Structure formats: structure tokens, C-alpha cells
Amino acid sequence: MVSALERLDAGASDAEAAFQMDESAFRIFYDRTARPVWAYLARMTGDPRLADDLLQEAYYRFLRARVAHENDAHQRNYLFRIATNLVRDLRRRPHADETSISGAADAADPRAGDVAAAAVRRVDLSRAMTRLKPRERDLLWLAYAQGSSHDEIAAALGLKTSSIKMLLFRARQRLAALLRETDR
Amino acid sequence: MIECGREADVFEAVAFGRWPSHAAPELQAHVAGCPICRDLLAVAAAMQDDRRRLIRAAEPPTAAIVWWRATIRARAEAAHAAMRPMTMWQAVAGTCVAALTAAIAAGVWRSGIAGSAAADLVARLAISRAGSPLAGFGIEHALLVLAGVVACIVLAPIALYFALADD
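The structure displayed is predicted, hence computed values, not measured ones.

Student: Which residues make up the overall build of chain A, and what values go with them?
Tutor: Scanning chain A from terminus to terminus reveals nine helices and zero strands. Helices and strands appear in chain A in the N-to-C order α-α-α-α-α-α-α-α-α. Intrachain contacts of chain A at a sequence separation of at least 6 include 66% that bridge at least 24 residues.

Here it is in C-alpha cells:
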């Protein structure tokens, strides 16, 4: 007779078999990617707690997706694509608060008051970001915070690579103008 | 013009923390005179600063916790998926029972004996079909069948509700 414990173990291994990598590979991948993904989610949602939840969801979807990754960069881009979709789904919800972007994520930094100039710049950026379209925010973050290439951005956002240059140029111009405006 | 050939150099200097103190004077002079690179510098510097701060402040759960939660959820989803065919069959069976009882009730109603008392109704049915297999049916048995039919009518919607509630 199969004991309850054996059944539980079998259930656990069945669940793990549904994942695209084993635990040790996951730990390495997670340690390399969790902080940048969390930072992206926190900046896009403005809510560190929500970023925690979305982080969990992003990794779950990543593990369940049976995708053959060509290399580490592809794996990382795929994770960012999932994160981007989660943020997009969140924005589509009826009561998603677009203005919360500047809120809690800024308050979470214990060293926020250390350098006055940097703090002012952060507030300016947060304010300016709220006035951008969600897609512009995604584009700018991936390009200038993450340092992703146009191909990687296109893959993450589901856009054509050929359109990234123009979209990025416009978004950058807008954000730069907003930053200048807040400087005055 | 939407791009400048020095964009990559400017971004690299910002991303690797070389701007402005360790950037080449020639690059600094270029940025001062190039509106595209000026915009890039303003945006990239603000973004990089923001990212560094967020990454420093980030306290994501450990890999072990994320992995453990994922396995729990995968297990729950697997169990739910395994239960789904069973729930479907329960719903089908419940629907069949409900349809059958409804058909019997309609047949009885149409035969014009719905108005009389339940016991008389079944007894008359048994007596009138003396030659049929129902001939040996006593009133007690007929009452039991009637009780069963009534129970089905009452219980079928409840069973259906519980079978489908999970989905």
C-alpha cells in the first residue's frame, strides 16, 4: 500500500517534472535575474508588494512554459517578456492606478535622503514617468535601465525590431523634455 | 535625424559609471553640442540611477521560497486537472437523473392522474397494468419508487450545483 508520504513525494516530483528546469538550475537563474526583474516590476507598478506577487507569478509562468532557450540572454528576455505581460494585464484591470508609479517604490529606499541631488532627480523621473504612456515606460526602462538591445526589447514587448528605433527615439525625447520641464 | 553615431558611447559611459568624471573630454564636448546625445544622457542617467537604487532596495524572496511556492501551486493545479473529468461525469450523471425524473413526471402528468393522491395514483397504475411487469408491484413498493423519484427531483439540482461549483 502506498503511504500518504510517498503519494505526497510522488505529487511533488510530478509537479517539478512539469517545470522546464530543476531546482539547482532554477536557483542559479533566479539569483542572476530576480533583482533586475523585481526592480522593473516595482518601477512599473510603483508598489513593492505587488512587485513581489508579480515576481512569483513571473517565475511560475517561466517554469511552466516549456520553451527551448537558445542561450542565457534568450532565457532572460523570455522572463522579461512574461513580466511585461503581467504588468500589461495589471494595467488593463479596471481599477489599476496609473499614478501609483511614483509612490511606494520610492519610499522603500532607506538611503533616499543620502544624496539630495540624486533624490531630486529620482522624484523628477518618477513624476515624469507617470506622464508617459505605459509602452513608452516599458521601452525606456528596457533600453536605458536594463540596457537591452533593440532585438531584445522587440522580443520582450512583442513589437517589430524595425519599429523600436523610432518608438524609442520619441519616448526618449518626451521623457527628456519632461525632465527638463521639472528641472525648471 | 533620430539617431547619432555616438549614442552607444554615451550610454556605455553612463551605464558603467564613467560619466562625467571618467568620460573622454571629446565625448563630453560632443554631448554638449548634440541634442540627441543630450536627451540620451538625461534619460539614461536618470534611469540607471533609479535602477541601481531599486536593486539596492530590492528584497525579493529567496529562490527556495519561490521554488517551493511554485511546486505547491503546480501540484494543486495538477490535482485540479485530474479532478476535472470526474466532476464532468458527475455533472453528466446528475443531468441525466434530472432529465429522467422530469420525463417521468411529465408522463404521469399527461396521463391525467396528477390530481389524485400519490398512493392511489401508483396503485391504480399497478392495477391497470395487470399483465405488465408492474403487476406484482405493491403499494409499499410504489410509494418507495415515488419517494425515490421525488428525492431525485430534489437532490439532482443540489448535486449539479456542487458538481459545477468548483469550476
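Student: Please provide a residue-by-residue account of the overall build of chain B, values included.
Tutor: Tallying secondary structure elements over chain B gives six helices and zero strands in all. The N-to-C order of helical and strand elements in chain B reads α-α-α-α-α-α. In chain B, which comprises 167 residues, the share counted as buried stands at 20%. The long-range share in chain B, meaning contacts at least 24 apart out of those at least 6 apart in sequence, stands at 63%.

Student: Would you mind going over the interface of chain A and chain B in detail, with residue names and values included?
Tutor: In this complex, chain A contributes 44 residues to the contact, which on the side of chain B involves 31 residues. Secondary structure elements with two or more residues in the side of chain A that touches chain B: α1 (4–17), α2 (23–45), α3 (48–64), α6 (116–130), α7 (134–145) and α9 (161–183) of chain A.

Student: Let's hear about unusual backbone geometry: which residues, and what values?
Tutor: The omega angle of the peptide bond from Trp19 of chain B to Pro20 of chain B is 0 degrees, so this bond is cis rather than trans. Within the secondary structure, Pro20 of chain B is located in the loop between α1 (7–15) and α2 (25–33).

Student: Can you tell me about the packing of α7 of chain A against helix α3 (residues 35–57) of chain B, naming the residues and giving the values?
Tutor: Orientation of α7 of chain A relative to α3 of chain B, taken along the N-to-C sense of each, is 85 degrees, at an axis distance of 9 Å. Here α3 of chain B runs roughly perpendicular to α7 of chain A, going by the angle between their axes. Side by side, α7 of chain A and α3 of chain B meet where Leu140, Trp141, Tyr144 and Ala145 of chain A of the first sit next to Val43, Ala44, Met47, Gln48, Asp50 and Arg51 of chain B of the second. Here the contact of α7 of chain A with α3 of chain B is composed, by residue class, of seven nonpolar, one polar and two charged.

Student: I'd love a proper account of α3 of chain A, names of residues and values included.
Tutor: The end-to-end C-alpha separation of α3 of chain A is 24 Å, in line with the 24 Å expected for 17 residues at 1.5 Å each. Taken residue by residue, α3 of chain A has Pro48, Ala51, Leu54, Leu55, Ala58, Tyr59, Tyr60, Phe62 and Leu63 of chain A as its buried positions.

Student: Help me get a handle on the confidence of the model for chain A, residues and values and all.
Tutor: All names here are of chain A. Per-residue pLDDT for chain A has a mean of 80; in total, 75% of the residues score no lower than 70. Per-residue pLDDT stays below 50 along residues 98–104; that stretch engages in 16 contacts with residues further than four places along the chain or on separate chains. For residues 107–113, every residue scores under 50 in pLDDT, and the model assigns this stretch seven contacts once sequence neighbours within four places are set aside.

Student: Which residues make up the packing of α7 of chain A against helix α8 (residues 150–157) of chain A, and what are the values?
Tutor: All names here are of chain A. Interaxial distance between α7 and α8 falls to 10 Å at its minimum, and their mutual angle equals 140 degrees. When the axis of α7 is compared with that of α8, the two are oblique. The element α7 and its partner α8 pack so that their crossing is right-handed. For the pair formed by α7 and α8, the contact residues are Asp138, Leu139, Leu142 and Ala143 on the first element and Ile153, Ala156 and Leu157 on the second. For the contact of α7 with α8, the residue count by class is six nonpolar, no polar and one charged.

Student: Describe the nonpolar core, and please don't skip the residues or the numbers.
Tutor: Soluble globular proteins: nonpolar side chains tend toward being buried together. Of all hydrophobic cores here, the largest spans 70 residues; its most connected members are Val37, Leu41, Ala58 and Ala83 of chain A together with Val43 of chain B. It is α3 of chain B that provides the largest number of residues to this core, a total of 12 residues. In this structure, Ala83 of chain A is in contact with Val37, Tyr40, Leu41, Leu54 and Ala58 of chain A, ignoring residues within four places of it in sequence.

Student: So what's going on with the confidence of the model for chain B? Which residues, and what values?
Tutor: Per-residue confidence for chain B gives a mean pLDDT of 79; residues scoring 70 or more make up 77%. Taken over the whole predicted complex, pTM reads 0.65, whereas the ipTM for its chain interfaces reads 0.73.

Student: Go over the environment of Gln56 of chain A with me, naming the residues and quoting the values.
Tutor: Relative to the assigned elements, Gln56 of chain A resides in helix α3. Expressed as a C-alpha distance, the spacing of Gln56 of chain A and Trp38 of chain A, which sit 18 residues apart in the sequence, is 9.8 Å. The residues contacting Gln56 of chain A, other than those within four sequence positions of it, are Val66 and Arg69 of chain B.

Thresholds applied
- Residues numbered from 1 in each chain as written.
- Chains lettered and ligands numbered in written order.
- Predicted model: local features only at pLDDT ≥ 70, side-chain atom pairs only at ≥ 80, totals over all residues.
- Helix = DSSP H or I, 4+ residues; strand = E, 2+ residues; numbered from the N terminus.
- Contact = placed C-beta atoms within 7 Å.
- Buried ≥ 20, exposed ≤ 12 C-beta atoms within 10 Å, placed from the backbone.
- Axes fitted to C-alpha atoms, helices over the stretch in contact; angles between N-to-C directions.
- Parallel < 35°, antiparallel > 145°, perpendicular 65-115°, else oblique.
- Nonpolar A, V, L, I, M, F, W, Y, C, P; charged D, E, K, R; others polar.
- Expected span 1.5 Å × (residues − 1).
- pLDDT = per-residue confidence, 0-100.
- Left-handed = near helix turned anticlockwise from the far one by under 90°.
- Core = buried A, V, L, I, M, F, W, Y, C linked by C-beta atoms within 7 Å.

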